[in-house]
Amino acid sequence: MTTNQSTTAVLETKQHFEILDGLRGIAAFAVVVFHFMEWIFTDPSQNFIGHGFLAVDFFFCLSGFVIGYAYDDRIAKMGLRNFFISRIIRLHPLVIAGSILGLLAFLFDPFGGHLELYSTGKIILTFICSLFLIPFPVIEDRGFNLFSFNAPAWSLFWEYIANIVYALVLYKIRKNFLVVLTLISAVAICYVGYSSGNLIGGWSGPTFWDGCARISYSFLAGLLIYRSNWIIKNKLGFTGLTILLLLAFVMPFSEWNWLTEPFVVLFYFPLLISLGAGAHLKPCLKKICTFSGSISYPLYMTHYAVLWMFGNYFVNYKPNTMQLTCIVTTSVILLVGFAYFVMNVYDKPLRKYLTDRRKK
């Protein structure tokens, strides 16, 4: 086998766990709905999907499992350079797309905004930081998010950090040490939950290190599930596991969040990953899972530009319940359609082009 053929073989994508792909799409959909409801219900206890933000912790846990499955047995052969290039090709095109969409929404929001408060230099610098995932929480109109033009990018920042730590350290450590790191991270999650009262932090400057605790435990737990082969054979299927996942997002918002949210992150999500990896998928649901998994990342990374405009519309025009129902329902459907368009017209072709160039 030639060097080029060997490299190509190492870079080939492994088969996916289809039910886990489908659950990732359900979680992304829940995040979108949660972000709309977050504007409408200023009191989180009234929000029927008040724990939708925990979908990010599910993403992190799933990421640890998938990265271990995809790279544990081949990262040594492919090398660090190829690993990092693979992850950049997979993740960064949509980071750029989300930043551009967020900038356009900031500049041309028809429902509000205060452009006059920000110099051209600050806007350009904020955009550049967004493109390169450099935290820069300076735009008040964007809630001082770490990434003002694409708020969900905060989790991608930590995803990159987790990938770097995996490539440099985690892929070669023994399981006993991985268990110790996971337990230490579990303590950090409990501390964040107790001190903050919840686990919703990570997206802003003051809660920056909460994001570190969230990615640390969940990513390590997912990796540990894979290396320990904690795969539970079951007949729940995609439908049953979807219901179980949604239960975590719609559980009541209460004064006990400091306890219930860490419980979900520490035990419930890892259990769902184990069940999802071992569940049987009915052939009739395969296309749904494939579509759900494919659309999840484009939907997650492109939806928030619309949320800022929706927020300004909601604050300025105070629509009634009927109007809100129509607006939110239509918006979610259009956002899914737009994510599908971005995926097929931009993300997939660009990733294919970049991957083909690498192979050559």
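Residues numbered from 1 in each chain as written. Predicted model: local features only at pLDDT ≥ 70, side-chain atom pairs only at ≥ 80, totals over all residues. Heavy atoms only, no water.

The next point concerns helix α3 (residues 55-71). Taking 1.5 Å per residue as the helical rise, α3 with its 17 residues ought to reach 24 Å, and the 24 Å between its terminal C-alpha atoms agrees with that figure. Most of α3 is tucked away: 15 of the 17 residues are buried. (Helix = DSSP H or I, 4+ residues; strand = E, 2+ residues; numbered from the N terminus. Expected span 1.5 Å × (residues − 1). Buried < 20%, exposed > 50% of the residue type's maximum accessible area, 1.4 Å probe, protein only.)

Here the structure, examined in full by the defined rule, presents six salt bridges. Notably, a salt bridge pairs Asp21 with Arg24, separated by 3.1 Å at the nearest N-O pair. Here Arg24 and Asp21 lie together in helix α2 (residues 18-40), a separation of three residues that amounts to about one turn. Classification of Asp21 by relative accessible area gives buried; the value is 11%. Asp72 serves as the salt-bridge partner of Arg227, at 2.7 Å between the closest nitrogen and oxygen. In this pair, Arg227 is assigned in helix α8 (residues 208-228) and Asp72 in the loop between α3 and α4 (75-108), connecting sequence segments 155 residues apart. (Salt bridge = Lys/Arg side-chain N within 4 Å of Asp/Glu carboxyl O.)

Quick look at a nonpolar patch on the surface now. A cluster of nonpolar side chains, contributed by Leu80, Ile161, Ile164, Val165, Leu168 and Val169, occupies part of the molecular surface with about 420 Å² of accessible area. With four residues, helix α6 (residues 153-168) is the largest single contributor of residues to the nonpolar patch. Looking at the element boundaries, Ile161 is found in helix α6. Classification of Ile161 as partly exposed rests on a relative accessible area of 32%. (Patch = residues over 30% accessible without salt bridge, like charges linked within 9 Å, V, L, I, M, F, W, Y side chains within 5 Å. Areas by Shrake-Rupley, 256 points an atom, 1.4 Å probe, with all protein chains shown as cover.)

Inspection of every chain in the model, using the stated rule, returns 34 aromatic pairs. Relative to Phe65, the ring of Phe17 lies with its centre 5.2 Å away and its plane at 65°, an arrangement referred to as edge-to-face. Residue Phe17 is located in the loop between α1 (3-11) and α2, and its partner Phe65 is located in helix α3; the two are separated by 48 residues in the primary sequence. Assessed through its relative accessible area of 23%, Phe17 is described here as partly exposed. Seen in terms of ring centroids, Tyr71 and Phe83 are 4.9 Å apart; in terms of plane orientation they differ by 85°. Their pairing is edge-to-face. Of this pair, Tyr71 sits in helix α3 while Phe83 sits in helix α4, placing them twelve residues apart in sequence. There is no split in this pair, since Tyr71 and Phe83 are both buried. What links up through ring pairs into an aromatic cluster is the set Tyr71, Phe83, Phe84, Tyr166 and Tyr171. (Phe/Tyr/Trp six-rings, centres within 6.5 Å; stacked < 30°, edge-to-face > 60°.)

Okay, the side chain of His303 next. Position of His303 relative to the elements: it lies in the loop between α11 (286-302) and α12 (304-317). In this structure the side chain of His303 is engaged in a polar contact, spanning 3.1 Å, whose partner is the backbone oxygen of Leu299. In this view, His303 contacts Val31, Val32, His35, Pro152 and Leu335; residues no more than four positions away in its chain are not counted. (Polar contact = N/O pair within 3.5 Å; in protein donor to acceptor, adjacent residues only side chain to side chain. Contact = heavy atoms within 4.5 Å.)

Relative to the elements of secondary structure, Arg214 occurs in helix α8. If near-sequence neighbours (up to four positions away) are discounted, Arg214 is found in contact with Phe53, Val56, Asp57, Phe60, Trp154, Ile189, Leu199, Ile200 and Gly201.

One pass over the full model with this rule turns up zero disulfides. Unpaired in this structure, Cys212 has its nearest cysteine sulfur neighbour in Cys190, at a distance of 15 Å. Just so you know, Cys284 is unpaired, no disulfide at all, and the nearest cysteine sulfur is the one on Cys289, 9.7 Å from it. (Disulfide = S-S within 2.5 Å.)

Below, the discussion takes up helix α5 (residues 120-131). The terminal C-alpha atoms of α5, which comprises twelve residues, lie 17 Å apart, in line with the 16 Å expected from a rise of 1.5 Å per residue. Turning to α5, its buried residues are Ile123, Thr126, Phe127, Cys129, Ser130 and Leu131. Among the structural elements, α4 are those in contact with the buried residues of α5. Looking at the residues trailing α5, positive phi occurs at Leu133, about 55°.

The subject of this paragraph is the UniProt feature "domain: Acyltransferase" (unreviewed entry) in the protein chain. Per the UniProt record, "domain: Acyltransferase" (unreviewed entry) is found at residues 20-336. Helix makes up 71% of residues 20-336 and strand 0%, with an end-to-end C-alpha separation of 19 Å. (UniProt positions renumbered as here; feature names shortened; annotations may be inferred.)

Let us look at the nonpolar core. Side chains of nonpolar character tend, in soluble globular proteins, to be buried together. Counting 101 residues, the largest nonpolar core has Phe36, Phe58, Tyr166, Leu245, Phe249 and Phe269 as the members making the most contacts within it. Ranked by residues supplied to this core, first place goes to α2 with 14 residues. Residues within four places of Tyr166 in sequence aside, it is in contact with Ile67, Gly68, Tyr71, Asp72, Ile75, Phe83, Tyr171, Phe219, Leu223 and Arg227. Grouped together as the second largest cluster of nonpolar side chains are eight residues, Leu103, Phe106, Phe127 and Ile139 included. (Core = buried A, V, L, I, M, F, W, Y, C linked by side-chain atoms within 4.5 Å.)

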